[in-house]
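# Coordinate analysis (summary)
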Amino acid sequence: MAATVLVLTSPVLLAMAIAIRRGTPGRALFFQTRLGVNCEPFTFVKFRTLYADARQRFPHLYAYRYTEQDLRNLKFKITNDPRVTPQGRWMRTSTLDELPNFWNVLRGDMALVGPRPEIPEMLPYYTGDMMLKFSARPGITGLAQISGRGRLGFHETVNLDVQYVKTRSWALDLKVLLLTAYKILTRDGAF
């Protein structure tokens, strides 16, 4: 299925890559280390939606040092994020920036449905049952993506990821895929 999606969307992928390269300096694709099953690192790929020098321009957004109070209020998607390029805004709201994730599915790093893959910098904040998230292959979509996406906080997202791991089934995966299509069409929670 992942190969089919990549082939069928190849004209869109090419057009988006050109738009990104023409819009701001830097690569069209963004590569990042994420954690998969059993916290094994893998290279996650998506279209670049942030300025290539965002880490240098906004270092405070990459510190990843949080108190328990910070974690209660933490949301990874920031409304009007200054790091996001003009092209990145419409790609994020349309969710087209995630199309290269199908490469990760093809490689076996990810599944269509599962917990969202985490960055290694956040691993120290996982305790107890939260670690169950890493017992399943991460997914392109999951319960968090159909339950609020960018509006969810860190703990809400992790709780939904753990709930998915505890209750996963083919029926749940089908439900998540169908609701994901609806959420993408309505752009619910995407920013």
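Report on the accompanying structure.

About the cut-offs
Residues numbered from 1 in each chain as written. Predicted model: local features only at pLDDT ≥ 70, side-chain atom pairs only at ≥ 80, totals over all residues. Heavy atoms only, no water. 1 Å grid on protein atoms, 1.4 Å probe; cavity = no way out; pocket = protein on both sides within 12 Å on 5 of 7 lines; lining within 4 Å. Points joined across faces, edges and corners; volume = space filled by probe spheres on them. Helix = DSSP H or I, 4+ residues; strand = E, 2+ residues; numbered from the N terminus. Contact = heavy atoms within 4.5 Å. Pairing = 2+ DSSP bridges. Expected span 1.5 Å × (residues − 1). Buried < 20%, exposed > 50% of the residue type's maximum accessible area, 1.4 Å probe, protein only. Arc of directions from axis to C-beta.

### A closer look at the layout of surface pockets
The gaps left among the atoms become clear once a water-sized probe is rolled over them. Size it by volume and the second largest pocket reaches roughly 160 Å³. Lining the second largest pocket are A111, L112, V113, S169, W170, D173, L174 and L177. Mapped by element, the contributors of at least two residues to the lining of the second largest pocket are β3 (111-113) and α9 (170-186). At four residues, α9 tops the list of elements feeding residues into the lining of the second largest pocket.

### Observations regarding the side chain of D81
Structurally, D81 is set in the loop between α4 (68-73) and α5 (86-94). Leave out the neighbours within four places in its chain, and D81 touches L61 and R89.

### Considering the pairing of strand β1 (residues 29-35)
As defined by bridge partners, β1 adjoins strand β2 (residues 41-47) across seven bridges and the pair is classed as antiparallel. Bridge pairing in β2 links F30 to K46. Hairpin connection from β1 to β2: five residues lie between these consecutive antiparallel strands, with N38 at a positive phi of about 60°.

### Here's the deal with the environment of T9
Of note, T9 is situated in the loop between α1 (2-8) and α2 (10-23). Taking the C-alpha atoms as reference, T9 lies 8.3 Å from L99; in sequence the two are 90 residues apart.

### Topic: α9
The terminal C-alpha atoms of α9, which comprises 17 residues, lie 24 Å apart, in line with the 24 Å expected from a rise of 1.5 Å per residue. Considered for burial, the residues of α9 that qualify are L172, D173, V176, T180 and K183. Down the axis of α9, the buried side of the element spans an arc of 95°, and every buried residue falls inside it. Opposite the buried face of α9, by more than 90 degrees, sit the exposed residues W170, A171, L174, L178, Y182 and L185. Buried positions along α9 lie against β3, β4 (139-141), α7 (143-146) and α8 (154-167). After α9 finishes, the residue R187 shows a positive phi value of roughly 60°.

No statement about biological role is implied by the geometric values presented.
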